Amino acid sequence: MAIPTHAVDDTCVQLLTPEGERVANADFPLDVSDDELRALYRDLVLVRRVDAEATALQRQGELGLWAQVLGQEAAQVGAGRALVSGDMAFPTYREHGVAWCRGVDPLAVLGLFRGTTNGGWSPEEHGFAHYTIVIGDQCPQAVGYAMGMQHDAAENAAMVFFGDGASSQGDVNESFIWASVFNAPVVFFCQNNQWAISEPLERQTRIPLFQRAWGFGFPGVRVDGNDVLACLAVSRQMLQRAREGAGPALIEAFTYRMGAHTTSDDPTRYRLDTDVEAWRLRDPLERVRSFLHKQQLVDDAFFAELDDESEQLALSLRDGLRALPDPSIDDLFANAYAEPHSLVERQHDEFARYLAGFAIENAP
Amino acid sequence: MAIPTHAVDDTCVQLLTPEGERVANADFPLDVSDDELRALYRDLVLVRRVDAEATALQRQGELGLWAQVLGQEAAQVGAGRALVSGDMAFPTYREHGVAWCRGVDPLAVLGLFRGTTNGGWSPEEHGFAHYTIVIGDQCPQAVGYAMGMQHDAAENAAMVFFGDGASSQGDVNESFIWASVFNAPVVFFCQNNQWAISEPLERQTRIPLFQRAWGFGFPGVRVDGNDVLACLAVSRQMLQRAREGAGPALIEAFTYRMGAHTTSDDPTRYRLDTDVEAWRLRDPLERVRSFLHKQQLVDDAFFAELDDESEQLALSLRDGLRALPDPSIDDLFANAYAEPHSLVERQHDEFARYLAGFAIENAP
Amino acid sequence: MTETLTMGRAINQGLRCALERDPKTLLMGEDIGRLGGVFRVTDGLQKDFGEQRVIDTPLAESSILGAAIGLAMRGYRPVVEIQFDGLVYVAFDQIVSQLAKMHARSAGRVRMPVTVRHPYGGGIGAVEHHSESPEAYFAHTAGLRVVTPSNPVDAFHLVQQAIASDDPVVFLEPKRRYWDKAEVDVGSAPGLPMGSARVVRSGTDVTLVSYGPMVRTCLEAAAAAEGDGTSIEVVDLRSLAPLDLKTVIDSVRRTGRCVVAHEASVFLGMSAEVAASVTEECFYELESPVLRVGGFHTPYPPSRLEHHYLPDLDRVLDAVDRSLAY
Amino acid sequence: MTETLTMGRAINQGLRCALERDPKTLLMGEDIGRLGGVFRVTDGLQKDFGEQRVIDTPLAESSILGAAIGLAMRGYRPVVEIQFDGLVYVAFDQIVSQLAKMHARSAGRVRMPVTVRHPYGGGIGAVEHHSESPEAYFAHTAGLRVVTPSNPVDAFHLVQQAIASDDPVVFLEPKRRYWDKAEVDVGSAPGLPMGSARVVRSGTDVTLVSYGPMVRTCLEAAAAAEGDGTSIEVVDLRSLAPLDLKTVIDSVRRTGRCVVAHEASVFLGMSAEVAASVTEECFYELESPVLRVGGFHTPYPPSRLEHHYLPDLDRVLDAVDRSLAY
Ligand SMILES: Cc1ncc(C[n+]2csc(CCOP(=O)(O)OP(=O)(O)O)c2C)c(N)n1
Ligand SMILES: Cc1ncc(C[n+]2csc(CCOP(=O)(O)OP(=O)(O)O)c2C)c(N)n1
Ligand SMILES: [Mg+2]
Ligand SMILES: [Mg+2]
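None of these values were measured; they are calculated from a predicted model.

Undergrad: I'm lost on the coordination of the magnesium ion (ligand 4) in this one. Help?
TA: Expected angles at a metal are 109.5 degrees for tetrahedral coordination by four donors and either 90 or 180 degrees for octahedral coordination by six donors. Residue and element names in this part refer to chain B. Protein ligation of the magnesium ion (ligand 4) involves Asp 164 (OD), Asn 193 (OD1) and Trp 195 (O), the donor distances falling in the range 2.0 to 2.1 Å. Written as a sequence motif, the donor residues of the magnesium ion (ligand 4) are D-x28-N-x1-W. Of this pair, Asp 164 sits in the loop between strand 2 (158-163) and helix 7 (170-181) while Trp 195 sits in strand 4 (residues 195-196); the two residues are 31 residues apart in sequence, bridging distant segments of the chain. The class for Asp 164 is buried, based on a relative accessible area of 1%. Classification of Trp 195 as buried rests on a relative accessible area of 12%.

Undergrad: What is the right way to look at helix 4 (residues 106-114) of chain B in this model?
TA: Within an α-helix, residues lying three or four positions from one another point in the same direction, as the helix has 3.6 residues per turn. All names here are of chain B. Across the nine residues of helix 4, nine count as buried, placing the element largely inside the fold. Turning to helix 4, its buried residues are Pro 106, Leu 107, Ala 108, Val 109, Leu 110, Gly 111, Leu 112, Phe 113 and Arg 114. If you follow the buried residues of helix 4, they end up packed against helix 1 (34-59), helix 3 (96-101) and helix 11 (300-323). Sitting at the head of helix 4, Asp 105 places a side-chain oxygen 2.9 Å from the backbone nitrogen of Leu 107. At the exit of helix 4 stands Gly 115, carrying a positive phi of roughly 95 degrees.

Undergrad: Looking at this model, I keep getting lost on the site of ligand 1. Mind explaining?
TA: Taken together, 20 residues sit near ligand 1, with Tyr 93, Arg 94, Asp 164 and Gly 165 of chain A together with Glu 61 of chain D positioned nearest. Asp 164 of chain A has a polar side-chain atom sitting 2.7 Å from an oxygen atom of ligand 1. Here an oxygen atom of ligand 1 and a side-chain polar atom of Asn 193 of chain A are 2.8 Å apart. Look at ligand 1: alone it shows 580 Å² of surface, and the protein chains cover 96% of it.

Undergrad: Looking at this structure, I do not really get the packing of helix 1 of chain B against helix 11 of chain B. What am I missing?
TA: To describe two helices that pack against each other, one gives the angle between their axes and the distance between the axes. All names here are of chain B. At a closest axis distance of 10 Å, the pairing of helix 1 and helix 11 adopts a crossing angle of 35 degrees. For the pair helix 1 and helix 11, the sense of crossing is right-handed. Residue-level contacts link Arg 38, Tyr 41, Arg 42, Val 45, Leu 46, Arg 49, Val 50, Glu 53 and Leu 57 of helix 1 to Phe 302, Phe 303, Leu 306, Glu 309, Ser 310, Glu 311, Leu 313, Ala 314, Leu 317, Arg 318, Leu 321 and Arg 322 of helix 11. Here the contact of helix 1 with helix 11 is composed, by residue class, of 12 nonpolar, one polar and eight charged.

Undergrad: What am I meant to see in the domain arrangement of chain C here?
TA: When the parts of a complex come together, some accessible area is lost, and that lost area is often taken as the interface size. All names here are of chain C. In terms of domains, chain C is made up of domain 1 (2-185) and domain 2 (198-325). Domain 1 and domain 2 are separated by 26 Å when their C-alpha centres are compared. In this assembly, 27 residues from domain 1 lie in contact with 23 residues from domain 2. Where domain 1 abuts domain 2, roughly 1900 Å² becomes buried across the two surfaces, and 48% of that area is made up of carbon and sulfur atoms. Applying the counting criterion to the domain 1 and domain 2 interface returns four salt bridges. With a closest N to O distance of 2.9 Å, Arg 238 and Asp 154 form a salt bridge. Our count for the contact surface shared by domain 1 and domain 2 stands at 15 residue pairs in polar contact (both at pLDDT 80 or more).

Undergrad: Would you take a moment to explain the state of the cysteines for this structure?
TA: Here a disulfide denotes one covalent bond, and it connects the sulfur atoms of two cysteines. On inspection of all chains with the given rule, the structure shows zero disulfides over all chains. Summary of cysteine pairing: Cys 139 of chain A is not part of a disulfide, and the nearest cysteine sulfur, belonging to Cys 190 of chain A, is at 9.1 Å. Classification of Cys 139 of chain A by relative accessible area gives buried; the value is 0%. Free of any disulfide, Cys 231 of chain B has its nearest neighbouring cysteine sulfur in Cys 12 of chain B, separated by 9.0 Å. A relative accessible area of 1% means that Cys 231 of chain B is categorised as buried.

Undergrad: So what exactly am I meant to see when it comes to the interface of chain D and chain C here?
TA: On the side of chain C, 52 residues touch chain D, which itself brings 52 residues to the contact. Both sides of the chain D and chain C interface together cover about 4400 Å² of buried area, and 65% of this is carbon and sulfur. Taken as a group, Tyr 137, His 140 and Leu 268 of chain D account for 17% of the area that chain D buries against chain C, more than any other trio of residues on that side. Linking chain D with chain C are six salt bridges. The salt bridge partner of Glu 132 of chain C is Lys 101 of chain D, with a shortest N-O separation of 3.3 Å. Where chain D touches chain C, the interface holds 18 residue pairs in polar contact (both at pLDDT 80 or more). When contributions to the side of chain D that touches chain C are tallied by element, the ones reaching two or more residues are helix 4 (92-99), helix 5 (102-105), helix 6 (135-139), strand 12 (239-241), strand 13 (258-265), helix 10 (270-281) and strand 14 (291-295) of chain D. Ranked by residue count, the leading element in the side of chain D that touches chain C is helix 10 of chain D, at eight residues. The class makeup of the residues in the side of chain D that touches chain C is 29 nonpolar, 14 polar and nine charged.

Undergrad: Please explain the relation of the copies chain D and chain C as it appears in this structure.
TA: For the pair of chain copies, the relating transformation is a rotation about an axis with a translation along it. In the superposition of chain D on chain C (RMSD 0.0 Å, axial shift 0.0 Å), the rotation amounts to 180 degrees. Taken together, the rotation and translation relating the two chain copies correspond to the operation of a two-fold axis. Most of the interface of chain D is mirrored in chain C, where 100% of its interface residues are also at the interface.

Undergrad: Can you walk me through the interface of chain A and chain C in this structure?
TA: Each partner contributes to the interface: chain A provides 43 residues, whereas chain C provides 47 residues. Carbon and sulfur atoms supply 55% of the area that chain A and chain C bury against each other, a total of about 3300 Å² over both sides. In this assembly, chain A and chain C are joined by two salt bridges. As a salt-bridge pair, Arg 74 of chain C and Asp 152 of chain A come within 2.7 Å of each other at their nearest N and O atoms. Seen at the junction of chain A and chain C, the total is 23 residue pairs in polar contact (both at pLDDT 80 or more). Within the residue set of the side of chain A that touches chain C, elements represented by two or more residues are strand 1 (88-90), helix 6 (138-151), helix 7 (170-182) and helix 13 (342-361) of chain A. Ranked by the residues each element gives to the side of chain A that touches chain C, the list is headed by helix 6 of chain A, at eight residues. Looking at side-chain class alone, the side of chain A that touches chain C contains 21 nonpolar, 16 polar and six charged residues.

Undergrad: It is not clear to me how the site of ligand 2 should be interpreted in this structure. Could you clarify?
TA: The local shell around ligand 2 holds 20 residues, among which Tyr 93, Arg 94, Asp 164 and Trp 195 of chain B together with Glu 61 of chain C are the closest. The environment of ligand 2 is shared, with nearby residues belonging to chains B and C. Ile 133 of chain B places a polar main-chain atom, nitrogen or oxygen, 2.8 Å from a nitrogen atom of ligand 2. Glu 61 of chain C places a polar side-chain atom, nitrogen or oxygen, 2.5 Å from a nitrogen atom of ligand 2. Its residues assigned to classes, the shell around ligand 2 comprises 10 nonpolar, six polar and four charged.

Undergrad: Where do I start with unusual backbone geometry in this structure?
TA: Trans is the prevailing form of peptide bonds, just as negative phi is the prevailing case for residues other than glycine. Note that the residue after Ala 241 of chain C, namely Pro 242 of chain C, is joined by a cis bond; omega there is -5 degrees. By secondary structure assignment, the location of Pro 242 of chain C is in the loop between strand 12 (239-241) and helix 9 (245-255). The phi dihedral of Asn 183 of chain A falls on the positive side, at around 50 degrees, and the residue is not glycine. Tracing the backbone shows Asn 183 of chain A in the loop between helix 7 and strand 3 (186-192). Of note, Leu 268 of chain D is a non-glycine position whose phi angle comes to about 65 degrees, a positive value. If you trace the backbone, Leu 268 of chain D turns up in the loop between strand 13 and helix 10.

Definitions and cut-offs
Residues numbered from 1 in each chain as written. Chains lettered and ligands numbered in written order. Predicted model: local features only at pLDDT ≥ 70, side-chain atom pairs only at ≥ 80, totals over all residues. Heavy atoms only, no water. Donors = N, O, S within 2.8 Å, 3.2 Å for Na, K, Ca; no water. Helix = DSSP H or I, 4+ residues; strand = E, 2+ residues; numbered from the N terminus. Buried < 20%, exposed > 50% of the residue type's maximum accessible area, 1.4 Å probe, protein only. Contact = heavy atoms within 4.5 Å. Polar contact = N/O pair within 3.5 Å; in protein donor to acceptor, adjacent residues only side chain to side chain. Near = heavy atom within 4 Å. Areas by Shrake-Rupley, 256 points an atom, 1.4 Å probe, with all protein chains shown as cover. Axes fitted to C-alpha atoms, helices over the stretch in contact; angles between N-to-C directions. Left-handed = near helix turned anticlockwise from the far one by under 90°. Nonpolar A, V, L, I, M, F, W, Y, C, P; charged D, E, K, R; others polar. Domains from an automatic or database assignment. Buried area = accessible area lost by both parts, 1.4 Å probe. Salt bridge = Lys/Arg side-chain N within 4 Å of Asp/Glu carboxyl O. Disulfide = S-S within 2.5 Å. Least-squares fit on C-alpha atoms with pLDDT ≥ 70 in both.

What follows is the structure, given as structure tokens:
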């Protein structure tokens, strides 16, 4: 059961080199204003800050777990900023950058990892579904949602996120079929960070992942996942295509998970530091920073202000997190069903009586 | 949710035209002796006869159901005769032709549809797994079995059968991934008979099915499924490739389900008689017959003998079927587990006592 | 507006009413369109409501559920058909991990008005995987509701109530009763809320609890027992989750004895729950332990053996006798 | 050869013994190789037995089971790991429709010596889907065996017995007890067959039945109750399917009372089956109905609420008190 080795084809759409040089791509032109460029950089910085802060808070015991987005900020901000109002994103558990772009309060995301909630925001309000932890389950849901958009004749699209590991799940592949057969307005956004916990990409595929789409009859594109401009350009185009009725597409954002899988993981068991180092040179923030600098689109004040904003954000997260109320047992009973449920009501009553019993016992 | 129409690409490997002309194909040469040709024709005729007889027996109430193979004999005999000793086939519920080639007693197959058994033969003895009714479940099993062959360093391959409809199942697509990643010696044999009960091919894919393999990194080939020589040639080559360690392949046998889905189905509700008529002109038996004839490889005696053999077979099926013993309740209890099971034993005892109670009640 | 309808037709009529009532109601499944479903339960609906509302799907049950969940998030009210009981396991993850948990996960923000219909149970001489009784899996799953009719009238109303519910409902159709007939007033309002059981025959000696396909068997058993002077009260649960315990308990308090019958394996079958909760509530009223009649703990047998596997009138009466003999 | 082992290590040692004993034994799962599993239960095994016998698989649970079935047909003895309880539903169809039914289908010709291991239960502050208790689904499924250890010694032996069994066995690992320690004699033979329960503490007033993670809680409850003069006998089921009813019943006959505790929803949970069968067998000996303590019929809550969801010592004792008060 030896695994055949294969050369990874890493040609991919790039609009900004790791050195911060803008390159043109005839297939994926991108019109972006200076303001937008600065805004993208701000997103990247703040998303990274949220991530770093959450990681620290986990170490301090304030979160049960944290799934770092470190290294994948460009992929997520590029995709997230390509979505427009009325679009719907379906995330995994690592889409903190997309959540940010969709206006979800980072605290709501942190609440998931603190254990105060399993949801925490309104999918409808933000165009951002709940985090999905069972790998791949969100994909057929996104297709269903997109079928609904089609049915409503809405000019919108759904975008569904998943990882390289997830590409092996039956549900993910079924969703390719449905999207294709129903020509649903859905864009599949695969962040190939080259690891599924401890398993390398080769354990999930022997050809580049974007080529998976070829087997299902829709376009697949690989994009430099550490290049926010390329991710934005490709996502915009594929989303627009979908909104206009041209059907699904698969985007593979080729990137790298700089952090551990989660704070519970120990990547030293399975990967080399030198790999991580090599990818550090392709950092998604650095290249934008250096581009903005070289193009003189920013000055020191910009960075100083952003630093400030970032500090404020971190502070508000720390404070906000500790202030997050614990969920109540009443909510648990109340939310199991939308309509009255005799068994749950009985259990609720009994448990309330049981708790009240303690109160009486402990009464002076 | 309109479905985009698309032109079906029906170029495919053909070695014998519907008119019975032998054509060459540089990629898939076939060396086949006159004896083999006659044997293949015999297989086709007898498989068809089993199928016809079973259909008749179902109408007479002797079978609960029958899934006709009519029209798909060439695909199955071509594939079935490409398998060698030590290979393992994983069928669906319609592989009566493959069963035939693997030496499974047709009565054992009929027993499944009569309800005397859910199995009925030894997979190991015949290199032919049990019929699988839950669509697609056999595919990961075939890959697992092939991984076992690899592990044993056996120079054999597994071949797994499934339909066009099945190609939409998660498990089937997962099995493509596993086969590819582990380079397992397994050949996927998809009989695209263009219908999944009432659903046309377009409901499962918008591109030709053999191209699915492209998305998973192994070869896909379409073959004329009504051409036994082409099916044999392509299957042989792909199986040999797999046995030699070159990994999986997908064969799409493009064919047509001439009968109903099963005897419970009413195809007049969803398809046109004219379609069926068009396909009758591409009958898998006729072209071999006409080829054998033209090439003077057979004489009238050959056909007469085959008719006789066919009659005998039908007769033995009819008699054998009625003589098939019903399963016993003791077997039911005995076979639930391989090792003693206290609950099953208790239930068995209780039920035996219960039945004995009737005997006593009814005693004179 | 009374019509004589088989259970299959009654469900068909119920689906039709639901489609007429709410444009957000959609049907999805395999072969439900032109073919009208393998049991013809959706016969004619695609013709009348179009391919946009009665959707033949790819052959992939997990995605049927997944897509239904997405459509529900989008404001639709999907009714999905799984072709047979033994094929629903392919979709189990989407049902248990997603459909059942979404409302709680979202703290009530996202509703899942999805109905999952499928035939279940044995007795029609089918091949493997086509005679399963998976109801306990669903009933044990918090977040789901599970209902099953035993007759055309209930079938007509219950399916509409299931669709109207803002919770996910597994609607189990007792396939060997698809051809049972009854007078159905298709203009009438449902007689009972979705979650309630019904005493379908009054009696005084023992309470016989059942649901779905076994209700008719139990009624036949009760009729036969009457000749022997035994008066059996038959309760049709109708809702398996939640259970209408009150109706069952009221009956057991009157009779002092209880037998529960179903096709599924008794080990952790619905009868285990009924027995456990009835005993807890009626400990002092019970003259004998709650007895259970059901499938053996073996995979469903080949069909030539199913008459032995399925509890029949005699096995039900044997349990009644044992209950009375205590 | 006695070593102090955590339950996680004890299972690791058990797996190691099984790999040493039989070259046909294979391990498969996600992250079980280099990483040694997310709980390190397979730590070091790939290093010592190679990538051919300890196989990291693609991220696809249904195929993990499917491949294991194929390997079993080929004569292997696969032990598969599903990373967490809430992820096993993806593989439910292969487990229920194939793994459980193959032996019966083939009339005994094909054996399925497959062990499905996974952690289960709550209490570790995990995210959604990582605290589920799916045992009732498996226990209800004819064709499967289900076992679960409550301590390192049983864990060490039971996992080997599960692997040695020619039937498919679901081996459930109580994850919040992975770090519990005990002296394990890794050279010893198992004290009990796989299918048997054990009285883990003797008592006279009430029988407290549990399994897996809740056994320790029950032992703590029994210790606490002793102070109040209540003598609780604690039975560790160890095997959930089949149940060792005899051990439970013998105990209940002695005490006359029975409480069953587990984490899963009580509605159709294991306690329903224990209650139903114990009542049937001990109808005249029971002084009070069998009482059940367990999870509520809600999806598992966010972890900051799990201390309320999980039955703790107080809730167990409350049930014991109610049982005694009858
Ligand atoms: C169905 C399922 N199987 C296994 C897991 C456990 N698990 C969580 S994340 C993960 C790896 C996912 O890898 P990938 O899809 O590449 O996403 P990434 O974590 O790299 O972003 C695994 C195996 C799960 N959550 N769901
Ligand atoms: C998982 C599953 N879903 C649905 C079915 C019901 N069913 C039986 S055969 C069939 C169509 C299969 O079509 P295809 O794979 O093309 O094979 P064919 O019958 O045409 O040979 C369906 C939907 C099933 N057996 N299993
Ligand atoms: Mg990854
Ligand atoms: Mg077909």
